[in-house]
Amino acid sequence: GGVVHSIDESLPCSELMICLPEQRFKILMTFLHRGLGAFVGLCAIGLFYREFKKTGGLINRSLLVLVLIIFQGVLGIMNVNFKLPVLTSVGHTLLSMAVLLILWSLKNTATFKKKYHIGSLGWWIGLGFCLIFFQVLLGSLVHHTDAINSCGFGDAMSWTCFGQIWPDQPARQLHMSHRYFAVFVTCFYLVLAFIEQKHQGPFRWSLGIIVVLLLGQ
């Protein structure tokens, strides 16, 4: 999805399943994105059916995953039909993050309860998820609005917005909010990783990797 949007081929098709773009790479990315979306939807149906059949304890979250994926597909169709309105584009991106978080919880909840005694750290990890999710929201808003180039682009880009730490225009304020919040999130995980390392906690390496990834991003 990110590749499709980045190569300006988010709207190559006038109809739901009929695409006639000129370049082969772009049509490949478009169909790959849609095909993988359909495959993920089938996997979600299979997951829910499996939990429903055995009356598993994860049936509620598996149903939530299925509903979110269906709704994400609806937003994808709306993106094409209504030519990428901001709310549907941002919602389409955020739903993918929500599905990933829920699937991660499905995979690891039972393991964590048996293997680790995370205590109050669990609340901090949950807060970290919320911070990352909000940062993705800010990034999506910046990317899908005029804020993306509002503080300069290429050689004109700097640590400030044309010399202003906090500009007066809304688009520029959104752009700088995304930057500043990224620094805050990185510092949050840096402190969390330092505390885990100091106490030799079970998540010290994972949190360290998150810090490295955030710095690289």
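Each value, and the rule that gives it
Residues numbered from 1 in each chain as written. Predicted model: local features only at pLDDT ≥ 70, side-chain atom pairs only at ≥ 80, totals over all residues. Heavy atoms only, no water. Salt bridge = Lys/Arg side-chain N within 4 Å of Asp/Glu carboxyl O. Buried < 20%, exposed > 50% of the residue type's maximum accessible area, 1.4 Å probe, protein only. Patch = residues over 30% accessible without salt bridge, like charges linked within 9 Å, V, L, I, M, F, W, Y side chains within 5 Å. Areas by Shrake-Rupley, 256 points an atom, 1.4 Å probe, with all protein chains shown as cover. Axes fitted to C-alpha atoms, helices over the stretch in contact; angles between N-to-C directions. Helix = DSSP H or I, 4+ residues; strand = E, 2+ residues; numbered from the N terminus. Parallel < 35°, antiparallel > 145°, perpendicular 65-115°, else oblique. Left-handed = near helix turned anticlockwise from the far one by under 90°. Contact = heavy atoms within 4.5 Å. Nonpolar A, V, L, I, M, F, W, Y, C, P; charged D, E, K, R; others polar. Phe/Tyr/Trp six-rings, centres within 6.5 Å; stacked < 30°, edge-to-face > 60°. Core = buried A, V, L, I, M, F, W, Y, C linked by side-chain atoms within 4.5 Å. Disulfide = S-S within 2.5 Å.

Student: Explain the pattern of salt bridges here, please?
Tutor: Where charged atoms from two side chains of opposite charge come close, those side chains can pair. Summed over the entire model, instances satisfying the criterion amount to 1 salt bridge. The salt bridge partner of Arg 50 is Glu 51, with a shortest N-O separation of 3.0 Å. Among the residues examined, Glu 51 registers a relative accessible area of 4% and is labelled buried.

Student: I would appreciate a short explanation of a nonpolar patch on the surface in the present structure.
Tutor: On the surface, Ile 70, Phe 71 and Val 74 cluster together into a nonpolar patch covering about 270 Å² of accessible area. By relative accessible area, Val 74 is classed as partly exposed at 38%.

Student: Explain the packing of helix α6 (residues 170-198) against helix α7 (residues 204-216) to me, please; I cannot follow it from the model alone.
Tutor: For any two helices packed against each other, one specifies the inter-axial angle together with the distance between the axes. For the pair α6 and α7, interaxial distance at closest approach is 9 Å and the crossing angle is 155 degrees. In terms of orientation, α6 and α7 fall into the roughly antiparallel class. Here α6 runs over α7; the crossing is left-handed. In this structure, α6 uses Val 185, Thr 186, Tyr 189, Leu 190, Leu 192, Ala 193, Glu 196 and Gln 197 to contact α7, whose residues at the interface are Arg 204, Leu 207, Gly 208, Ile 210, Val 211, Leu 214 and Leu 215. Its residues assigned to classes, the contact of α6 with α7 comprises 10 nonpolar, 3 polar and 2 charged.

Student: I'm lost on the packing of aromatic side chains in this one. Help?
Tutor: The way to describe two aromatic rings as a pair is by their centre distance and the angle between their planes. If you walk through the whole model with that rule in mind, you get 5 aromatic pairs. Between Phe 134 and Phe 181 the ring centres are 5.1 Å apart and the planes differ by 80 degrees, which places this aromatic pair in the edge-to-face class. Within this pair, whereas Phe 134 is found in helix α5 (residues 121-144), its partner Phe 181 is found in helix α6, the two being separated by 47 residues in sequence. On the accessibility criterion, Phe 134 (38% relative accessible area) is partly exposed. Pairing Phe 188 with Tyr 189 gives two aromatic rings, centres 5.5 Å apart and planes at 90 degrees, and the pair type is edge-to-face. By relative accessible area, which is 5% here, Tyr 189 ends up buried.

Student: Can you help me understand the nonpolar core in this one?
Tutor: If you look at soluble globular proteins, the nonpolar side chains tend to sit buried side by side. Membership of the largest hydrophobic core comes to 13 residues, with the highest contact counts inside it found for Leu 131, Phe 181, Val 185, Phe 188, Tyr 189 and Leu 207. Elements represented by at least two residues in this core include exactly α5, α6 and α7. The element best represented in this core is α6, accounting for 6 residues.

Student: I keep staring at unusual backbone geometry and nothing clicks. Help me out?
Tutor: Peptide bonds are, in most cases, trans, and in most cases residues other than glycine have a negative phi. Residues other than glycine seldom take positive phi values, yet Phe 162 does so here, at roughly 55 degrees. Relative to the assigned elements, Phe 162 resides in the loop between α5 and α6. For Phe 162, a relative accessible area of 45% corresponds to the partly exposed category.

Student: Looking at this model, I keep getting lost on the state of the cysteines. Mind explaining?
Tutor: What we call a disulfide is simply a covalent bond connecting the sulfur atoms of a pair of cysteines. This structure, assessed with the given rule, holds 1 disulfide. Paired through a disulfide, Cys 151 and Cys 161 show a sulfur-sulfur distance of 2.1 Å. Across the disulfide from Cys 151 to Cys 161, rotation about the S-S bond amounts to roughly -90 degrees, and the bridge is consequently left-handed. Placement of the pair is Cys 151 in the loop between α5 and α6 and Cys 161 in the loop between α5 and α6, with a sequence separation of 10 residues. Summarising the burial analysis for this pair, Cys 151 and Cys 161 share the class buried.

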